[in-house]
Amino acid sequence: MKKQNNFKYSIVIPTYNHCDDLLKPCLDSIVAHSNMSETEIVVVANGCVDNTRSYVTELKQQYPSINLVWFDEGIGFTKATNAGIKVAQGKFVLLLNNDTVIYGKNWLDTLSEPFS
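Bear in mind the structure is a predicted one, so any value in this text is a computation, not a measurement. Just so you know, the residues in each chain are numbered from 1, in the order the chain's sequence is written. Totals for whole chains, interfaces and linings use every residue, but because this is a predicted model, local features are given only for residues with pLDDT of at least 70 and side-chain atom pairs only at 80 or more, for both listing and counting. Side-chain descriptors were evaluated using all non-hydrogen atoms of the structure, hydrogens and water having been removed beforehand.

Visitor: Just to check I follow, could you spell out unusual backbone geometry for this structure?
Guide: For residues that are not glycine, phi is negative in most cases, and the peptide bond is trans in most cases. The phi dihedral of N17 falls on the positive side, at around 60 degrees, and the residue is not glycine. Put simply, DSSP H or I for four residues or longer makes a helix, DSSP E for two residues or longer makes a strand, and each gets a number counted from the N terminus. Structurally, N17 is set in the loop between β1 (9-15) and α1 (19-32). Categorising residues by exposure relies on relative accessible area from a 1.4 Å probe, with only protein chains included: less than 20% of the type maximum marks a residue as buried, more than 50% marks it as exposed, and the intermediate range marks it as partly exposed. Assessed through its relative accessible area of 13%, N17 is described here as buried. Phi at N106 takes a positive value of approximately 60 degrees, unusual for a residue other than glycine. Structurally, N106 can be placed in the loop between β4 (92-95) and α4 (107-112).

Right, here's the structure in full:
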């Protein structure tokens, strides 16, 4: 059973390396264009051997709603995504690739509007 929280949105991002060139711009854009008090980000590191762990851990100090699910071995996109969904606490769960960059405010509200 999921614990109670105030998150309206959970964004699940599976990643396999590419911290500097993909994950950082992705997370930076989400933080810049989202209300982080109602948004949880779940980064699922899938056998990463780059600086993903240190980067996400450091970012979590500034944004406590950013979480890291870590797998030492590569488990594949589908299993990584499902692992993120299992820990997601938001009312709405959004799956996002790590190469996505967000532009514009209220993007999450726009996406969820048909379901509200």
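Next, the rest of the story.
Visitor: Sorry, what's going on with the side chain of S112 here?
Guide: Looking at the secondary structure, you find S112 in helix α4. Here S112 falls in the buried class, since its relative accessible area comes to 4%. Throughout, a residue-residue contact means that at least one pair of heavy atoms, one from each residue, lies within 4.5 Å. Not counting the four nearest positions on each side in its chain, S112 is found in contact with K8, Y9 and F92.

Visitor: Sorry if this is basic, but what is going on with the packing of aromatic side chains here?
Guide: Given two aromatic rings, one states the distance between the centres and the angle between the planes to describe the pair. Pairing of aromatic rings covers Phe, Tyr and the six-membered ring of Trp, with a centre-to-centre limit of 6.5 Å; geometry is then stacked below 30 degrees between planes, edge-to-face above 60, and tilted otherwise. Within the structure shown, the criterion is met by 1 aromatic pair. Above the ring of W70, the side-chain terminus of R53 is found at 4.0 Å from the ring centroid. Counting as a charge over the ring demands two things of the Lys NZ or Arg CZ atom: a distance within 6 Å of the ring centre and an angle within 35 degrees of the ring normal.

Visitor: Whenever I open this one, the pairing of strand β2 (residues 39-46) confuses me. Can you help?
Guide: Within a regular strand, the side chains alternate between the two sheet faces. The buried count for β2 comes to 8 of 8 residues, which makes it a mostly enclosed element. Side-chain alternation along β2 places T39, I41, V43 and A45 on one buried face and E40, V42, V44 and N46 on a second face that is also buried. By the convention used here, strands pair only if DSSP detects at least 2 bridges between them. Relative to β2, β1 runs parallel, the two being bridged by 7 bridges. Opposite I13, over in β2, you have V43 as the bridge partner. Between β1 and its parallel partner β2, the chain crosses via α1, and the hand of that crossover is right-handed. Bridging between β2 and strand β3 (residues 66-71) involves 6 bridges; their strand directions are parallel. Each residue of the ladder has a partner; that of V42, found in β3, is N67. Here the term right-handed applies to a crossover when the path leading from its first strand over the helix to its second strand runs clockwise, the strands being oriented away from the viewer. Crossover handedness for the path β2 to helix α2 (residues 52-62) to β3: right-handed.

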